[in-house]
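Given next are the chains, with one letter for each unit.
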Amino acid sequence: MELRQLTYFVAVAEELHFGRAAERLHIVQSAVSQQIRRLERELGAELFDRSPRRVRLTGAGERLLPEARAVLAAAERARAAVAPPEGLRIGTSTGLGAHLDRVLGAFAERAPDVPVELFSLPVGERLARVAGGQLDAAFVRAVEPVPGVRVLPLWADPLVAAVPASHPLAARPELRIEELAALPLAITERRNNPALVDLVVGACHDAGFEPPPGPVSGSLQDTLASIGARPLWTVVYASHARVLHSPRVAFVPFAAPGLTLSTGLAVHATKVPPHLDTLLLACGDHEN
């Protein structure tokens, strides 16, 4: 007796039609009929009453059906017991800094056997991949609603000012944003991160000035290199600033109320990703 034969038997017993069972199994009908005949010969009993108009289980078939289902379920449990755990695909960005290390450490403590694969992508691509099922989750900041995605709130991320280490403001424990009015602002284009740009430029307007535009670099490292060489400023997430090593750049907190963006976890709108509860607990561990 083979598992394949029991699988075919259960399909025919549930469909009560050899053709529909074959379609469900994605094989030809003759293969189903052949395997059922072999099973009947091995068991020495007819399992189906066959007629041109209908198929019915015999008494032997009715007694076999629950046993066959139990055997197939046990086989599936056996496969699951030795199968590697389903991994987790997470979209990230470089600005997560120390947050990411802490969350991944807490997750590894809770689920040491679960592999985690990280994808550093622009926010639009992160959201598109979550909606399309190519990512299980993604860390995002202050994003607009996207079809097929829901965002679970996690924590608030304060921003700090990055200024030349030689500038007088670099020695301050904190600064007010209006004190940066004379320095050009080097920040990414709005299309790359509208929430961040709107927050910073809006705060400048609220403080009564229009920030002079500085150079737009391809990466944060390029921007920091420029700041180290000339009087410019930009903003960096405080969690990221703690892991950056830029001796020619100083990171200074903003005075209260400061500048803050919320971080959330983007997941599929209707499908629950694997290990979501564990990941959320790890994010909560981070907060503590």
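Here helix α3 (residues 29–43) is 15 residues long and its end C-alpha atoms lie 21 Å apart, about the 21 Å a rise of 1.5 Å per residue gives. Among all positions in α3, only V32, Q35, I36, L39 and E40 are buried. All buried residues of α3 fall inside an arc of 140 degrees around its axis, so they share one side. Among the exposed residues of α3, those oriented more than 90 degrees off its buried face are S30 and R41. Buried residues belonging to α3 abut α1 (3–15), α2 (18–25), β1 (48–50) and α4 (59–82). Once α3 ends, the next one or two residues include G44, with phi positive near 70 degrees.

Within the largest apolar cluster, 26 residues are counted, with the highest numbers of intra-cluster contacts made by I177, L180, W233 and F254. Those elements that provide at least two residues to this core are β6 (149–164), α7 (194–206), β7 (234–237) and β8 (249–253). In terms of residue count, α7 provides more of this core than any other element does, 6 residues in total. Beyond its immediate stretch of four places on either side in the chain, L180 contacts A161, V163, L169, L175, W233 and F254. Grouped together as the second largest cluster of nonpolar side chains are 21 residues, L6, V10, V12 and A22 included.

In this section: the environment of R38. Looking at the element boundaries, R38 is found in helix α3. Spatially, the C-alpha atoms of R38 and E189 are 69 Å apart, while their sequence positions differ by 151 residues.

Time to look at α7. Under the 1.5 Å per step criterion, the end-to-end length of α7 is 18 Å for 13 residues, consistent within 8% with the ideal 18 Å. For α7, the complete set of buried residues consists of A195, L196, V197, V200, A203 and C204. Contact partners of the buried residues in α7: β5 (137–141), β6, β7 and β9 (260–268).

Turning to the packing of aromatic side chains, a few remarks are in order. A full pass over the atoms with the stated rule returns 3 aromatic pairs. Pairing F9 with F48 gives two aromatic rings, centres 5.5 Å apart and planes at 50 degrees, and the pair type is tilted. One end of the pair, F9, is in helix α1; the other, F48, is in strand β1, with 39 residues separating them in the sequence. Each member of the pair F9 and F48 is classed as buried.

Let's shift gears to the packing of α2 against α3. Packing of α2 against α3 leaves a shortest axis separation of 8 Å and a crossing angle of 105 degrees. By the angle class used here, α2 and α3 are roughly perpendicular. Contacts between α2 and α3 involve F18, G19, A22 and L25 from the first element and Q29, V32, S33 and I36 from the second. Of the residues that constitute the contact of α2 with α3, the class distribution is 5 nonpolar, 3 polar and no charged.

What follows concerns the environment of A255. With respect to the helices, strands and loops of the structure, A255 is situated in the loop between β8 and β9. With 221 residues separating them in the primary sequence, A255 and Q34 have C-alpha atoms 79 Å apart. If we skip the residues at most four places from it in the chain, A255 touches E174, L175 and R176.

What counts as what
- Residues numbered from 1 in each chain as written.
- Predicted model: local features only at pLDDT ≥ 70, side-chain atom pairs only at ≥ 80, totals over all residues.
- Heavy atoms only, no water.
- Helix = DSSP H or I, 4+ residues; strand = E, 2+ residues; numbered from the N terminus.
- Expected span 1.5 Å × (residues − 1).
- Buried < 20%, exposed > 50% of the residue type's maximum accessible area, 1.4 Å probe, protein only.
- Arc of directions from axis to C-beta.
- Contact = heavy atoms within 4.5 Å.
- Core = buried A, V, L, I, M, F, W, Y, C linked by side-chain atoms within 4.5 Å.
- Phe/Tyr/Trp six-rings, centres within 6.5 Å; stacked < 30°, edge-to-face > 60°.
- Axes fitted to C-alpha atoms, helices over the stretch in contact; angles between N-to-C directions.
- Parallel < 35°, antiparallel > 145°, perpendicular 65-115°, else oblique.
- Nonpolar A, V, L, I, M, F, W, Y, C, P; charged D, E, K, R; others polar.

Spatial relationships are all this shows, so hold off on functional conclusions.
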